[in-house]
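Understanding the architecture of this molecule
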Amino acid sequence: MSSGLHSDVVELLAERCEAMQLPGASLAYFHDGQTQFASHGVTDVNDGAPVRDTTMFGIGSTSKTLTATAVMALVERGTLSLDDAVVKHLPGLPVLDEQARDTVTVGQLLDHTAGWVGDGSADTGWGEDALARAIQTLLGKASQQAPPGALFSYNNNAVTVAGHLVATLHESSFEDAIRDLVLKPLGMTSTFYLVWQLANR
């Protein structure tokens, strides 16, 4: 890879950090058959530690990718289908609209077409049943905007249901399901969900 391209990537990253008022960021990109890394800035504006290729960041919505991959791992195993009604596997799904509850599919959870209001928050604390408690809170007050499959609308709540579905079918916590279905098979040894898993790393 040319040093010019890498310099351009680093410069672009620095520009975007400045424009978005981010103290630091790191990215990976694939070029000429090789994975490359670029980093800029600091991890904390107070102590000034530089961002490195190995710096860990909060997982945020990257978790959606892992959740969808776990669902597809279960599809590959024949545990479920994207066309399955979610209630086939989660009969107690607390969707307010009865028709939507009975017809929304697994695939619609992932492609953001479930149709109910997608943003909400639920402070459930820790525990293996945290997702189950979260969807009771989130869906219990989420109005239906459109029938399932009719409208694309970014939907955090639907992916939360998908995560609960993965945990339920894997008969484990969500974090353990992601580890077993995605992280281990892909060799992702530096990805974690729980803060205490980072201790002494």
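Up top you'll find the structure we're talking about.
Summary of the structure given here. (Residues numbered from 1 in each chain as written. Predicted model: local features only at pLDDT ≥ 70, side-chain atom pairs only at ≥ 80, totals over all residues. Heavy atoms only, no water.)

This brings us to helix H2 (residues 62-77). In this model, H2 (16 residues) spans 23 Å end to end at C-alpha, consistent with the 22 Å of a helix rising 1.5 Å per residue. Turning to H2, its buried residues number three or more, namely Ser63, Lys64, Leu66, Thr67, Ala70, Val71, Ala73 and Leu74. Two residues or fewer after H2 comes Gly78, characterised by a positive phi angle close to 85°. (Helix = DSSP H or I, 4+ residues; strand = E, 2+ residues; numbered from the N terminus. Expected span 1.5 Å × (residues − 1). Buried < 20%, exposed > 50% of the residue type's maximum accessible area, 1.4 Å probe, protein only.)

Bringing the pairing of strand E1 (residues 24-31) into the picture now. In this structure, E1 lies alongside strand E2 (residues 34-41), joined through eight bridges in antiparallel fashion. Paired with Tyr29 across the strands is Gln36, a residue of E2. From the end of E1 to the start of E2, which pair antiparallel, there are two residues, and Asp32 there has a positive phi angle of about 50°. (Pairing = 2+ DSSP bridges.)

By size, the foremost hydrophobic cluster in this structure holds 34 residues, and its most contacted members are Val86, Leu93, Leu109, Trp116, Val161, Ile178 and Leu181. Elements with a minimum of two residues in this core: H2, helix H3 (86-89), helix H5 (106-110), helix H6 (130-139), helix H7 (156-170) and helix H8 (174-186). For Leu109, the contacting residues outside a window of four places in its chain are Val86, Val104, Trp116, Ala158, Val159, Val161 and Ala162. Leu13, Cys17, Ala25 and Tyr29 belong to the second-largest nonpolar core, a separate cluster that totals six residues. (Core = buried A, V, L, I, M, F, W, Y, C linked by side-chain atoms within 4.5 Å. Contact = heavy atoms within 4.5 Å.)

The next thing to look at is the environment of Thr191. If you trace the backbone, Thr191 turns up in the segment after H8. Thr191 gets classed as partly exposed once you look at its relative accessible area, which sits at 22%. Along the backbone, Thr191 and Ser153 are 38 residues apart, and their C-alpha atoms lie at a distance of 28 Å. Aside from chain neighbours lying at most four places away, what touches Thr191 is Ile59, Leu66 and Leu183.

A few words on the side chain of Lys64. Relative to the assigned elements, Lys64 resides in helix H2. Asp119 provides the closest opposite charge to the buried, salt-bridge-free Lys64, at an N-O distance of 7.4 Å. Among the polar contacts listed, one links the side chain of Lys64 to the side chain of Tyr154, at a separation of 3.2 Å. Leaving out residues up to four positions away in the same chain, Lys64 has contacts with His112, Tyr154, Asn156 and Val159. (Lys, Arg positive; Asp, Glu negative; His and termini not counted. Salt bridge = Lys/Arg side-chain N within 4 Å of Asp/Glu carboxyl O. Polar contact = N/O pair within 3.5 Å; in protein donor to acceptor, adjacent residues only side chain to side chain.)

Glancing now at the packing of H7 against H8. Where H7 meets H8, the axes come as close as 8 Å, and the angle between the chain directions of the two elements is 75°. Viewed along their axes, H7 and H8 adopt a mutual orientation that is roughly perpendicular. Here H7 contributes Gly163, Val166, Ala167 and His170 to the contact with H8, which in turn contributes Phe174, Asp176, Ala177, Asp180 and Leu181. Per-class residue counts for the contact of H7 with H8 are five nonpolar, two polar and two charged. (Axes fitted to C-alpha atoms, helices over the stretch in contact; angles between N-to-C directions. Parallel < 35°, antiparallel > 145°, perpendicular 65-115°, else oblique. Nonpolar A, V, L, I, M, F, W, Y, C, P; charged D, E, K, R; others polar.)

Turning our eyes to something else, we now look at the packing of aromatic side chains. Evaluation of the coordinates by the stated rule reveals one aromatic pair. Consider the rings of Phe174 and Tyr193, whose centres lie 5.3 Å apart with planes at 80°: the pair is edge-to-face. With Phe174 in helix H8 and Tyr193 in the segment after H8, this pair connects stretches of sequence that are 19 residues apart. Taken as a pair, Phe174 and Tyr193 share a single burial class, namely buried. (Phe/Tyr/Trp six-rings, centres within 6.5 Å; stacked < 30°, edge-to-face > 60°.)

Considering only enclosed or pocket space, the largest pocket measures out at about 940 Å³ in volume. What lines the largest pocket is a set of 36 residues, among which Ser63, Leu131, Phe174, Glu175 and Tyr193 lie closest to the centre. Those elements that provide at least two residues to the lining of the largest pocket are H2, H6, H7 and H8. Considering every element that reaches the lining of the largest pocket, the biggest residue donor is H7, with eight residues. Considered as a void within the structure, the second largest pocket measures approximately 820 Å³ in volume. Elements supplying a minimum of two residues to the lining of the second largest pocket: E1 and H2. (1 Å grid on protein atoms, 1.4 Å probe; cavity = no way out; pocket = protein on both sides within 12 Å on 5 of 7 lines; lining within 4 Å. Points joined across faces, edges and corners; volume = space filled by probe spheres on them.)

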